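Inside the fold
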Amino acid sequence: MSIVLANVTKRYGSQTVVKNVSLEIGEGGLFVLLGASGSGKSTVLRMIAGLTTCDEGRILIKGRDVTHLAPQPRGTGLVFQNYSIFRHMTVAENIEFGLKIRKVASVQRAKRRDELLELVGLTGYGDRYPHQISGGQQQRVALARALAYEPSVLLLDEPLGALDVKIRAQLRRSLKEIQRRLRVTTLLVTHDQEEAYELADRIGVMDRGTLLEVGVPEELYHRPRTLYVASFLGGGTVLAGRVANGLAHFGPLSLPIPAEVPHEEGASAELLFRPEHVILSSDPPASNGPVLGKGRVVEQTFSGAARRLRLHLPHLPSTRQVSPAVAFGEQGIVIETSIPASAPAPADEPWVSLRNWAILGQAPPRLLVIDTGSGPLTSLHTASALAGPMRASVIVLGYARGDAPEDFRDTVAHRAQSAELNEAEVHIGTSDLPIQIATESANTLFDFIILSGNPGAAKAGLKPDVVSFLEGADTPVIVVAAEAPKRFERILICTRAGEPGKNDIRIGGRLARHLGAQVTLLHIQQPELGEQPLARRHLEMASATLSGLEVQNTIRTYPDPSPAEAILREAAKHDLIVVGGHGPEVQSLFSRDDITLQVLMRVPCPVLVVPAE
Amino acid sequence: MNPPVSVTTRRLHSPVFPVSMLVLVLLPLLLLPLAAVFIFAFRGGAVAFLAALKAPDAQFALRFSIVMAFATAAVNAVIGTFAAYVLSKYSFRGKRPLNIVVNLPVAIPTVVVGTSLLLLWGPIGLLGRLLEPLGLQPMFTPAGVLLAHLFVTFPYMLGAVKPLLDELETTYEEAAYTIGASRWQTFWHVILPALRGGIFSGTLLTFAHSLGEFGATVMVSGNLRLRTQTAPLYIFAQFEAGNIAGANAVAAVLAVLSFVIFFFLLRYAVRPTRAS
Amino acid sequence: MVFKRKALLRRVRALAPILFLGVLLLYGLWPWLPLPGRPPQPQTVVFYGFSILGEVMNKGIFPAFQKEWAARTGQRVEFISSFSGSGTVRNQLIMGVPAHLALLSLELDAQQLAQARVIPPESWRKLPHQGVVNRTPFVILVRQGNTRGVRDFADLTRPGVGLVHPDPLTSGGANWAIVAEYGAGTRQNGGRPEAGRQLLAGIWANVVAQAGSARAGRTQFENGFGDALITYEQELLYDLGRGKLKGEIIYPHSTIQSEHTLVVVGRNVGPRDRQVVEAFRDFLWSEQAQKIFVEYGYRSVDEGLNATNPHFGKISDLFSIADFGGWTKAKKEIVDGIWKKQVLAKLKR
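This report concerns the structure included in the present document. Given the structure is predicted, the values throughout are model-derived calculations rather than measurements.

So, on to the interface of chain C and chain B. Counting from both sides, the interface comprises 17 residues of chain C and, opposite them, 19 residues of chain B. Among the elements of the structure, helix H1 (2-29) and strand E2 (77-84) of chain C are those that each provide at least two residues to the side of chain C that touches chain B. Residue contributions to the side of chain C that touches chain B peak at eight residues, all from H1 of chain C. When grouped by side-chain class, the residues that make up the side of chain C that touches chain B number 13 nonpolar, three polar and one charged.

Shown next as structure tokens:
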């Protein structure tokens, strides 16, 4: 193995930019680390080069542990995105620099330099200065310079990022050729999946510090295991259904699940198919490939060699669409496909079937519960009541202001168990609540955060840190006050008419689906404004969205001078209230007559505060 | 039908008026005084001019000033580049106050600089009195003059080199490190050449300022003829003693030297990265 | 061919600043470059003196010594000198100016230097004549024609007579003048201190201008200030000898003779300079040097030589500072005690 990373972690302050990354690159292989900006891929590269220190884990190059070694003795060759070739030296001097440092005699240096100039296709350019050659040529010089002293590994940090598209393609080809010829172990970091496909022997996809999947390009494209990798490597459609009897069911379709994909009875499963995997036919398809139904072409776009089509299909029972994002008010399924431009136009309502597909592993929902270690177990009970039907994984954050007593962890663990959260992880934190939650969120993406408001909420008002946390949260927060219902059967969604209300519907609706609860859509009209057609339309669209999620819902709307009072009245009949948050820009939660705050303070059942879009 | 062009519109587009206004302002301020120096210097004709320059005191003063200027530029080139490197490449507590401190000499009146040096290194000074028994006394000697000039011109080299260092992307150095160059090798082969332009203009600026330095020099030098009297001090002393021709001869030489230096400075500053 | 020339020209233009600086540096360092056939650097002696010494040293003593030294050793010696009020010289020495020797107007300044640890105490007493190089009595200069009819110090107390007087803070001459005025008063009145104080008060009531040194006072007088000036005899004799004196010299009946003390600032004399500095020191008491002093109007410490200058005036009662117990005592009692605390305070100056 040429490069081995074992559990490598890097933190900057409270942020972990590289989480526990392990990978191996074989001798002579070209490995591409693919990811969006901020995913930590460049940091991994720099740690291998020795330019960034490693907090945990080990790095081995050709069997030698270089984890704590300075960059100089590691014997790596690095090519940067901005070339960084030495501007005051000629091309030849740049290339020879590494050899000069190693005290190679000038005759041999010249020979090697000419070899490299030939290799990168710049013979005769030796006497030019960097400002006299183009960007692509400069990058070639950078490459030659890095290869001159025969490094153990070649590292490239988004080498083609600063170049034009055409030059990029040229250089890509050269790069591949050179790597093949020299058989030097190479690690290339990029965010461009085209590049990855063309160059890589193997690809590793990173997201927010974690190495999600590693594999050969074809495998990752056709059979990704996670949604992120699937969408990063190409377009397509993702539908979510349910696992029953060992098969994944999407309405009438039942598909086998491959062995390597984790699945659980009753859990959700996701189906992925790429645009080119879709077959359109005017007659019902005879093959035994899965049939999705009869679709309607709603959009056609010219795209060079192909034509892109968008089709609407009727809703498949017990299925919802994950990707492409469902428009507000849509009930059915949207599918994207492409056909060669030369192909005949499809029928208006073709049959849609699949020639290929993949089943993705589904990550279960994750909950974060805050427990202070004393007082009633309301938030823990709520978490338990939600986790069950959602099959969610739970992390309990024991939070103590100031010094935590010795056995705090045990206390919290014990409490969690009494709330029947037997498999919850227990974490302990002592800094400010918002900071603590941010730290946890950095490591895990939570679907819901559950915490207690002031137990005496009815009289005294909410604790200030809870309020300030709600102001800035970007995850849905469930605030539990006095009671924790054993079961959630009726959910009240208080929607404002207009844009801000969409998130409330989506998240509230999803929660309802998980819990199998019914939803009441409540909209309080302001009497002065009278009947509003826009509001009406919004409510209808909301209802349609909920129906698409297979959530039973009713609409209630009437005028009332005091919206807070009206909500409180309705709330009495429900197990959970969903309201919208305000987002960090508007500091209005502190205003006394803010509706959300009033509801939070006076309603007895838990309140889900959904962050603004 | 041609639209009428008013006189005022015509004036707005032609540069004649503003330029002549500028020259009118500059005349009494800069141009005429400088001309006066040369006129007085050559009052007695070229022969008298040369005789005044040949006076041993004048020769000493000119040479001393030039050597001091070179020495100041050389020492400050090293110290200034080092300071620029530390302030640019490292981050540490107190970086911002340190940045302000290194630029202080520009704000302090030069006479105050001279006084403070005397109070530190002079025979009654805080450190000077410790040097007494060792027989070392930097004040009233060329060493003292050098100290004063280094102090006063320190920010100039720093100011010329630091921006170049700031601009240099970190990957520049990192490339050298991964190739295998040590910190020192990187500095010498990679960074220093990139700073050539800044060091050059910094040197010229330092040189020019040292050449003309008066306030601090008059305090620390003791104005001893043939020992520590720089050209500006010579000009002042000769003027006081009534030898106007002699003073102006040296003044004229200083003026010409300064012109030449700034000529080079401007030319070089315009094209800093020519391959040369 | 054209190509090459253009490239060459460009090269030259690029190198022009370096060439220019190189030439400049060479010019600057030239005298210090150790080239063969170079005459060696001359030795230098740094001499500080009180204000009126300027001419006699620059025009007489220094050239004479340079000649003698060249004859004796074949080497060149240069003098670096500075002249200002004796008090100023004292302050400069304390500040640390690298003087090798200093000729002060009064022994008091030497004592103060010893106090400031610039020189060892009483070190000058070991020199010939207790360190006194030359002397001169204090006399009165009036305008041509003596329209005020000044005959003696007492006449200066008359109302309407304007006096130019140097400042005792910086001028050695001023201190001598005060003791002269006081001394004349007491000695002419049976030694009564009261009489001295009265004379001082009377004189000082008429002071219209003060100067930083005796020489500066002289300049003021020449520029039209005052009717009379109390100063060193030498100052006036020098101009008289050249026919340039504008005014008349009045010799008081009773006056003081100033004695000028030389100090050698040992700590400023390096091993290289020691020989020439000591030679110069000794030279000052040589017959040749003393003759030059007399020529310029100073009274020599060798009485025999004083006859050669016909202009030395006769003074009936010539006293010295020893008559008042030395400078430490005189400064405390007369200058600070009587003049500053009583006379000046009364005059509210």
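So, next bit.
Residue and element names in this part refer to chain A. Of the two faces of strand E32 (residues 607-610), the one lined by Val 607 and Val 609 and the one lined by Leu 608 and Val 610 are each fully buried. Alignment of strand E31 (residues 576-580) against E32, held across four bridges, turns out to be parallel. Considered in E32, the bridge of Val 579 is made with Val 609.

This paragraph deals with the interface of chain A and chain B. Between chain A and chain B, the residue contacts involve 19 residues of the former and 16 residues of the latter. The set of elements that each furnish at least two residues to the side of chain A that touches chain B consists of strand E6 (76-79) and helix H2 (91-101) of chain A. A class-by-class count of the residues in the side of chain A that touches chain B yields ten nonpolar, seven polar and two charged.

Our focus in this paragraph is the nonpolar core. Among the nonpolar cores identified, the biggest contains 144 residues, and Val 250 of chain B together with Ala 102 and Val 263 of chain C are the most heavily contacted of them. Two domains share this core, each providing at least three of its residues, namely domain 1 (43-134 + 260-300) and domain 2 (136-258 + 313-347) of chain C. Ignoring anything within four residues of it in the chain, the contact list for Val 250 of chain B reads Ala 58, Ala 61, Leu 62, Ala 231, Tyr 234 and Ile 235 of chain B. Counting 100 residues, the second largest nonpolar core, distinct from the first, contains Val 79, Ile 85, Leu 143 and Ile 203 of chain A.

Here helix H15 (residues 533-548) of chain A spans 23 Å end to end across 16 residues, near enough to the 22 Å set by a 1.5 Å rise per residue. The first or second residue beyond H15 of chain A is Glu 550 of chain A, which carries a positive phi of 65°.

Time to look at H2 of chain A. The periodicity of an α-helix, 3.6 residues per turn, causes residues three or four positions apart to be oriented the same way. Among the eleven residues of H2 of chain A, eight are classified as buried, and the element is accordingly described as predominantly covered. Where H2 of chain A is buried, its residues meet helix H3 (106-119) and helix H4 (135-147) of chain A together with helix H10 (170-179) of chain B. Taken from the residues just after H2 of chain A, Lys 103 of chain A is the one with a positive phi, measuring 60°.

Residue and element names in this part refer to chain C. Looking at where Ala 102 falls in the secondary structure, it is placed in strand E3 (residues 101-104). Separated by 54 residues in the primary sequence, Ala 102 and Tyr 48 have C-alpha atoms spaced 4.6 Å apart. Once residues lying within four places of it in the same chain are set aside, the contact partners of Ala 102 are Tyr 48, Gly 49, Val 89, Leu 93, Val 263 and Val 265.

Attention now moves to the environment of Leu 521 of chain A. Residue and element names in this part refer to chain A. By the secondary structure assignment, Leu 521 is in strand E29 (residues 518-525). Owing to 26 C-beta atoms within 10 Å, Leu 521 belongs among the buried residues under this scheme. For the pair Leu 521 and Ile 491, spaced 30 residues apart in sequence, the C-alpha separation works out to 8.8 Å.

Before going further, it helps to examine the sheet that holds strand E21 (residues 351-354) of chain A. Residues and elements named next belong to chain A. Spatial strand order, E15-E21-E16: three strands in an open sheet with antiparallel pairing. Where the open sheet ends on each side, the last strands, each with one partner, are strand E15 (278-281) and strand E16 (291-294). Sheet twist, expressed as the average angle between the axes of neighbouring strands with direction ignored, equals 20°. Here E15 pairs with E21 via four bridges, running antiparallel. Across the sheet, residue Leu 280 finds its bridge partner in E21, namely Val 352.

What follows covers the sheet that holds strand E24 (residues 393-399) of chain A. Residues and elements named next belong to chain A. The strand order E25-E24-E23-E26-E27-E32-E31-E28-E29-E30 describes an open sheet built from ten strands, whose pairing is mixed. The open sheet has two edge strands, strand E25 (425-429) and strand E30 (553-559), and neither has a second partner. When strand polarity is set aside, the average angle formed by the axes of neighbouring strands in this sheet is 20°. Across the sheet, helix H9 (residues 378-390) touches strand E23 (366-371), E24, strand E26 (448-452) and strand E27 (477-480), and the angle it forms with E23 is around 165°. Where H15 meets the sheet, its contacts fall on E29 and E30, and the angle it forms with E29 comes to roughly 170°.

To continue, consider the packing of helix H7 (residues 110-121) of chain B against helix H9 (residues 142-167) of chain B. Residues and elements named next belong to chain B. Look at H7 against H9: their axes get within 10 Å of each other, and the N-to-C directions meet at 130°. Judged by the inter-axis angle, H7 sits oblique to H9. Here H7 runs over H9; the crossing is right-handed. Contacts between H7 and H9 involve Thr 110, Val 113, Gly 114, Leu 117 and Trp 121 on the former and, on the latter, Gly 144, Leu 147, Ala 148, Phe 151 and Val 152. A per-class count over the contact of H7 with H9 returns seven nonpolar, three polar and no charged.

What counts, and at which threshold
- Just so you know, the residues in each chain are numbered from 1, in the order the chain's sequence is written.
- The lettering of chains begins at A and the numbering of ligands begins at 1, in the order of writing.
- For this predicted model, a pLDDT threshold of at least 70 governs which residues receive local features, and a threshold of 80 or more governs which side-chain atom pairs are given and counted, while totals over whole chains, interfaces and linings are taken from all residues.
- It is the C-beta atoms, placed from the backbone, that decide contacts: two residues are in contact if theirs lie within 7 Å.
- Secondary structure counts use DSSP, requiring at least four H or I residues in a row for a helix and at least two E residues in a row for a strand, with both numbered from the N terminus.
- Under the scheme applied here, ten amino acids are nonpolar (Ala, Val, Leu, Ile, Met, Phe, Trp, Tyr, Cys and Pro), four are charged (Asp, Glu, Lys and Arg), and all others, including Gly, are polar.
- With C-beta atoms placed from the backbone, a residue counts as buried when 20 or more other C-beta atoms lie within 10 Å of its own, as exposed when 12 or fewer do, and as partly exposed for counts between those limits.
- If DSSP finds at least two bridges between two strands, the strands pair.
- Nonpolar core, as used here: buried Ala, Val, Leu, Ile, Met, Phe, Trp, Tyr and Cys residues forming one set through C-beta atoms within 7 Å.
- An automatic or database domain assignment provides the domain bounds reported here.
- The span one expects for a helix is its residue count, reduced by one, times 1.5 Å.
- Orientation is described by lines fitted to C-alpha atoms, with helices fitted over the stretch in contact, and by angles between N-to-C directions that extend from 0 to 180 degrees.
- For this classification, under 35 degrees means roughly parallel, over 145 means roughly antiparallel, 65 to 115 means roughly perpendicular, and everything else is oblique.
- Helix crossings are classified by the rotation of the near helix relative to the far one: an anticlockwise turn of less than a right angle makes the crossing left-handed, while a clockwise turn makes it right-handed.

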